[in-house]
Structures are given as C-alpha cells and as structure tokens.
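Letter by letter, the chains look like this.
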Amino acid sequence: MITKDKYLRLLAKEYPTAAKTVTEIINLEAIMNLPKATEHFISDLHGEYDAVQHVLRNGSGNVKEKIREIFQGRLSTREMNQLATIVYYPEDKIDMIVDSLESEEEINEFYSLTLLRITELCAFTVSKYTRSKVRKAIPADYAYIIEELLFKDTIMTNKEDYYEKIIKTVISLDRATELIAAISHVIQRLVVDHLHVVGDIYDRGPFPDKIIDTFMDGHELDIQWGNHDVLWMGAASGSAACMANVIRISARYNNLEIIEDAYGISLRPLITFAEMVYKEDRYEPFMPKINSEDESKIFPEEIRQIAKMNQAISIIQFKLEGEIIKRHPEFDMADRMVLDFIDYETGTVNLDGKDYPMLCDYFPTVDPADPYRLTEEEILVVERLMTGFQNSERLQKHVQFLLSKGSMYLSYNDNLLFHGCVPLNPDGSFMELPIANVKYSGKALLDKYEEVLRRGYLNREATKHNIRSLDLIWYLWEGKASSLFGKDKMTTFERLYVADKETHVEKKNLYYEQRDNVELSYKILKEFGLDPKKGHIINGHTPVKEKIGENPLKADGKLIVIDGGFSKAYQNTTGLAGYTLLYNSFGMQLVSHQPFTSRQDAIENEKDIVSTRRIVDKELERKTVRQTDVGKKLTQQVIDLQQLLRAYKSGEIVEDLLSDK
Ligand SMILES: O=P(O)(O)OC[C@H]1O[C@](O)(COP(=O)(O)O)[C@@H](O)[C@@H]1O
Ligand SMILES: [Mn+2]
C-alpha cells in the first residue's frame, strides 16, 4: 500500500509549487459549486436507431425547453420549432430551408439569424459547465470560432461588431452550414451530460449496431445490460444456445440483415440446411413479422426462406437448451425439456398434464428416442455459424464496448440502476441460485453473474473450459433466478406450437407484484449499500401499459420503470412510446413520449416527439456537483491538495520552482 507521504510526493510531481496547488484547489472548489450535471436515463432501445437518435438529439425535450426559456416572446412557435429541428438535424434541415429560399440575401439573412440564435442557445446550454468541459465537446475543426462566439468577453466594448464580423466572414466563405452543425452537436452533446442506458439495446428493431456506434462516438455513458444484450454477448463468447436464440429472434422480426450485413456473418449454411432438410413447406408458425412498410420490399420466396430458417434454428435451439438443462439440475428447468413432451405419433404435446394439439408436427431432425441429439448436419451448421460469430470483428468490438461500459447494476448518485429485477422467492426473501456449489442471492448473485459474464467473454477461445460460464450466460437469458429475465419460464416453444394461450403465460417474479411496496425498495437499496431515504431504483424491461392506467412510478416514486417503449412491436400494448428520465440539479423528471414516426417526418414537418414531464422528486435547494459522487471524489482531492500545501509551507516537501522554466 502506498503511504500518505509517498502519495503527497507523487502529487507534488503534478502540482510542483504552492501556487499551482492553490490554483487547482480553487478550480476544484469552483467545479463543486456548479449545478449538478443532467443525467438522462433510457432503456429498451431494441434496435430502433432513428427513434433513439431523436430522443438523444432532443435530450428528452430538453432542447425545446431551453429554446422556450430563451426565445419565448421573441420568436414565434413556428420559428422555435424550426430552430429545434435545426439543432436535431442541422445539415438536412438547413439544406431544405436554403432550397426553399429565393435570393442570395434571403439565404444570408437566414444563416446570420440562425447563427446568432443557435450561438445564444449554445451559450445558455453550456453555462453550467466549466470551460474545460465545454472545450472537450467542441469539434476540433471549428474550435477557435465556437469558443470565440461562446465565451463572449463582456468587457470588450465593440464586441457585437466583432461577432457580426466573424459570422459574416463564415457566411461569405460558404461555411455557415458546417458551423451551425458543429454548434448543434455541442448542444446535443451537452444538453444531457451523462447517459444511463438501462439495457436492451439489441433485438426486434433493425439497427442495434448503429446505436452502439453512436454510443461509441463520444457520449459520456454507462450501460446496465439487458437480457437481450446478454444474449448477444453470450453468442459472441461462444454460447451456441445464445447464438441460436439470436438468430431465431432476428428471423422472427425479419431482421437477418443485422447478422449478415451489419456483422458480416454468413447465414448460408443455415439457409442451405433448412432447404435441404425441411423439405416440406410446413412452417406456418415460423412466419416472420413483417412491417407494413416492408411488405412490398420483400419477395414471397424470401419470406418462405426466412420462415424455414426460423424453423430450423428453433429446433436447434430447443436441442441445445435441453443439453444445458440436463447438465445443470440446479437450474431447475426440467419443465423446459420441451421436446420430451411431444407425442411424435399423434402430433400432440403434453404440458402440465394436459394434451394440446400442435400447430405443426413436422420434425425431420428429431429422433423421438433421443430428441435432443443434434444430427450431423445440425452440428455442422452450428459450428459454421459459431465461427462466423466469433470471427466477426465488428460484433466483437461492440461486445467489448458493452463489457467496458456496462455492468449488471450500477449505483450512481444514490440511485440503483438495473434492467430487470432482484429475483425474490414467493415468501419475499431473495431467491438463491447455487453456482459451483455455493449459493448466491441478492447483491452477491448479481455480482456473481457479472463475474461469470466477464469470464465467459475472456475465455471465449478456451471452448471446453468455458462451458460452465456459457451455460450460465444462457441462464441469464431465461432462467427463473435471472435478474435480467424475472419470469418463471420462457414459453417460446408453446408460443410457436400451441394455439391455446393459457400455455403462453410467463409468470412474472414476485418482485414485479411487489414493486409498489416501499419496504421492498428500502430493502433492496440497503442490500446494495445505498441510503434508502435518498435513493431510487431505476428499472427497464417491462413495458408500462399506460393505456390501461399503469403508472411508471412505483412505491411512491422510490422505484421508477422507464421502458423507453421504442420497440414498435410493443407500442400497441403500451398506448404510447414510453418513458425516459431526467435528473438535473432541480430534481428528477419523468418524461413520457409519443411514438416517433420517421426521421423524414421529423425533418420535413418538424414533427417532434410530444413529450410531457412529470416531477418525480424536487430538490429543496438546487443540487451542486459537491453533492454528487463526482463531488465526493473532488472533495477528497481538495483535502489531499490542502495537505500538500501545508507540506510546502512547512518545508516538509520542497517546491520545484524551476518547474515552469
Ligand atoms: O414478443 P416476442 O418476440 O414474442 O418475445 C416474447 C419474449 O420476449 C420476452 O418478453 C423477453 O424480452 P423482453 O426483455 O423484451 O421482455 C420473453 O419473456 C418472451 O418470451
Ligand atoms: Mn428486457
């Protein structure tokens, strides 16, 4: 361990004189007195890149709010909406406006007014940050000009002329669009300081990869993994069962492009296998879901092929899952040995003691005497697909990003964030899972899951030794003690093969029934070492059915469910798109969003998502950085620097006065 004296001497290298130490103390004190930065919570993005982009660009309605604060009374609603659209989509919107203008004068006037307005908006947005933070958010190309415009020197007498001159020069050099775009990006970036992604970036929607690319490009953020993210992480780590699920879901939502085009993984082995082995066209339950807009863009033959792939990979999935369940009696999943319950002669299935007719009884690869055995062809298909997943550089890069920014849960500024639940037993105690003969529950279980996920990825090439970790990663997807799943079983098989909906029911963990119970929130916050009086629990995972009166604020606002509802497929059930949460120096606000139509509609018709806000918690006094987790670290730094200063004064450590020379 490093001694205090050694530490001070190391610190003295960074602050070699008393003057430099004092300057840093003053700087840190100033930062701690600034208002707490805005945190933005979003979840369940499900590949809906355009809608997510929109919410990020408008900062859950924050950009509009700031525009109103500054320009109400000075600009008309139309002008304010136009300005907001420019901030969200600068290049496209400006092109459109400029195209509609007739003369050079009109265009120049538009540029000049827009630059003035957007500069004012940006200056207002960044006013709560230190200059050094703002500088980091400014793109290098226009750094000098933007800094000049933002940090106006109030003592300069002829400053207005000076700025006008800058703006005129930029316009005359034909660079106005670029500059407006650069300033817009600074606003987008800083209108929300820190982003929390409470899970489920992947599946159902078309572009999870593009969402991750956006996240990799600069936002300050953290991620709490969702069950769908973990499924992809498992597939990238070498779990064949996770991979089969990933492919099945992509086929079901007609999104195989994500695998083939975005990640460059060839599905040819699966297509060939499906055509070769599933000779009869009996794939009705496996038809992909196709959006009405996409219907005209797809050949019927392609739909047939996707359905067959879905059918082939589903059976492979059930077989692989059966093997895992057999290896792990402690998973307690005997009821998921679904291929055992089929009567292959009569085409019925026995579930919970009751016989049901099957919607499809075509199983060309299943040997009723040994239903879980993969055929040689199936083994080959799995191997070839797996190689594709493991060799996809882009997928591996994305999963590494998820691992580096993500965790099973996060404590941040007194709040506890996780995607699903802390699984409970029917009597309310924390549910246990034995892992390598040790029982884990509550926080320890979530910590263990995280350890296993990281280990599973790290050992992805040591296939044999990794099986135990990979099995557990798959368990996280659909096991009853999984904090990401939170249901008693996943009825994929029943949904495909049985019409009777009573077999489709997935019973939610007691956690979900008890979410309104303040005591439970207290108990969980305490379990995770947080102060229950101050903190909140923030979850995603379950769409909030506002349509039938469900409230996203549970337990008097102690627990907040912010499923963003981006997934189009689920918007019929919820009645609106969903929720995001903002936490700024004034408190917490829940924002509900109407569905996003399209990027084009947003640009052309200035159609913003209508967002309404509800206050969750109001700070009695405006919260400063000092009262945050960052503040705690800075306070400690100030204490250390004060000690260093005393050491300089007493001569215990000698100043390096030559350090500047
Ligand atoms: O809507 P689909 O595609 O049938 O998926 C249903 C499945 O998704 C799940 O709800 C899990 O996904 P979510 O995390 O998005 O809820 C399962 O419980 C369920 O079996
Ligand atoms: Mn989920």
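Structure: see above.
An account of the accompanying structure is given in this report. (Residues numbered from 1 in each chain as written. Chains lettered and ligands numbered in written order. Predicted model: local features only at pLDDT ≥ 70, side-chain atom pairs only at ≥ 80, totals over all residues. Heavy atoms only, no water.)

## Examining the pairing of strand 1 (residues 39–42)
Where a strand is regular, its side chains alternate between the two sheet faces.
Next, step 1: Because side chains alternate across strand 1, one face comprises the buried residues Glu 39 and Phe 41, and the other comprises His 40 and Ile 42, equally buried.
Next, step 2: Pairing analysis gives four bridges linking strand 1 to strand 2 (residues 194–197), with the strands arranged parallel. Bridging across to strand 2, Phe 41 finds its partner in His 196.
Next, step 3: In this sheet, strand 15 (residues 578–584) lies alongside strand 1 in antiparallel orientation, the contact comprising three bridges. By the bridge assignment for strand 15, Glu 39 is matched with Tyr 583. (Buried < 20%, exposed > 50% of the residue type's maximum accessible area, 1.4 Å probe, protein only. Helix = DSSP H or I, 4+ residues; strand = E, 2+ residues; numbered from the N terminus. Pairing = 2+ DSSP bridges.)

## Some points on the coordination of the manganese ion (ligand 2)
Next, step 1: Ligation of the manganese ion (ligand 2) by protein atoms is provided by Asp 200 (OD), Asn 227 (OD1), His 419 (NE2) and His 541 (ND1), these donors lying 2.1 to 2.3 Å from the ion.
Next, step 2: We note that the donor set of the manganese ion (ligand 2) lies within a single chain, spaced as D-x26-N-x191-H-x121-H. Taken together, the positions of Asn 227 in helix 13 (residues 227–237) and His 419 in the loop between strand 9 (415–418) and strand 10 (433–435) put the pair 192 residues apart, joining distant regions of the chain.
Next, step 3: Relative accessible area serves as the criterion here: at 4%, Asn 227 is assigned to the buried category.
Next, step 4: By relative accessible area, which is 0% here, His 419 ends up buried. (Donors = N, O, S within 2.8 Å, 3.2 Å for Na, K, Ca; no water.)

## Quick notes on the sheet that holds strand 6 (residues 354–357)
Next, step 1: The strand order 4-5-6 describes an open sheet built from three strands, whose pairing is antiparallel. Of all strands in the sheet, those bounded by a partner on one side alone are strand 4 (342–343) and strand 6.
Next, step 2: Where strand 5 (residues 348–351) lies against strand 6, four bridges are found, and the strand directions are antiparallel. Across the sheet, residue Leu 351 finds its bridge partner in strand 6, namely Lys 354.

## Notes on unusual backbone geometry
Most of the time, phi is negative for any residue but glycine, and the peptide bond is trans.
Next, step 1: Even without a glycine there, the phi angle at Ser 60 is positive, about 50°.
Next, step 2: By the secondary structure assignment, Ser 60 is in the loop between helix 3 (49–57) and helix 4 (62–71).
Next, step 3: Judged by relative accessible area, which is 0%, Ser 60 ranks as buried.
Next, step 4: The backbone of Asp 174 shows a phi angle near 65°, a positive value even though the residue is not glycine.
Next, step 5: Looking at where Asp 174 falls in the secondary structure, it is placed in the loop between helix 10 (159–172) and helix 11 (176–191).
Next, step 6: The exposed category is assigned to Asp 174, whose relative accessible area is 59%.

## Quick notes on the packing of aromatic side chains
Next, step 1: Applying the stated criterion to the full structure yields 16 aromatic pairs.
Next, step 2: Geometrically, the ring pair formed by Phe 110 and Tyr 111 is tilted, given 5.6 Å between the ring centres and 45° between the ring planes. Take Phe 110 and Tyr 111: they sit in the same class, and that class is buried.
Next, step 3: Counting every residue linked through ring pairs, the aromatic cluster contains Phe 286, Phe 318, Tyr 344, Phe 363, Phe 493 and Tyr 497. (Phe/Tyr/Trp six-rings, centres within 6.5 Å; stacked < 30°, edge-to-face > 60°.)

## Here's the deal with the layout of surface pockets
A probe matching the size of a water molecule, rolled over the atoms, marks out where space remains unfilled.
Next, step 1: Computed from the structure, the largest pocket encloses a volume of approximately 1,200 Å³.
Next, step 2: Lining the largest pocket are 38 residues; nearest its centre among them are Arg 204, Lys 487, Arg 495, Glu 506 and Tyr 570.
Next, step 3: Of all elements in the fold, only helix 13, helix 14 (240–252), helix 22 (492–497) and helix 25 (571–574) reach the threshold of two or more residues within the lining of the largest pocket.
Next, step 4: Here the lining of the largest pocket is built from residues that sort into twelve nonpolar, eleven polar and 15 charged.
Next, step 5: Counted as a void, the second largest pocket has a volume near 1,000 Å³.
Next, step 6: Lining the second largest pocket are 41 residues, and of these Pro 206, Asn 255, Asn 291, Asp 294 and Lys 568 sit closest to its centre.
Next, step 7: Only helix 3, helix 15 (257–262) and helix 25 provide two or more residues apiece to the lining of the second largest pocket.
Next, step 8: Split into classes, the residues belonging to the lining of the second largest pocket amount to 15 nonpolar, 13 polar and 13 charged. (1 Å grid on protein atoms, 1.4 Å probe; cavity = no way out; pocket = protein on both sides within 12 Å on 5 of 7 lines; lining within 4 Å. Points joined across faces, edges and corners; volume = space filled by probe spheres on them. Nonpolar A, V, L, I, M, F, W, Y, C, P; charged D, E, K, R; others polar.)

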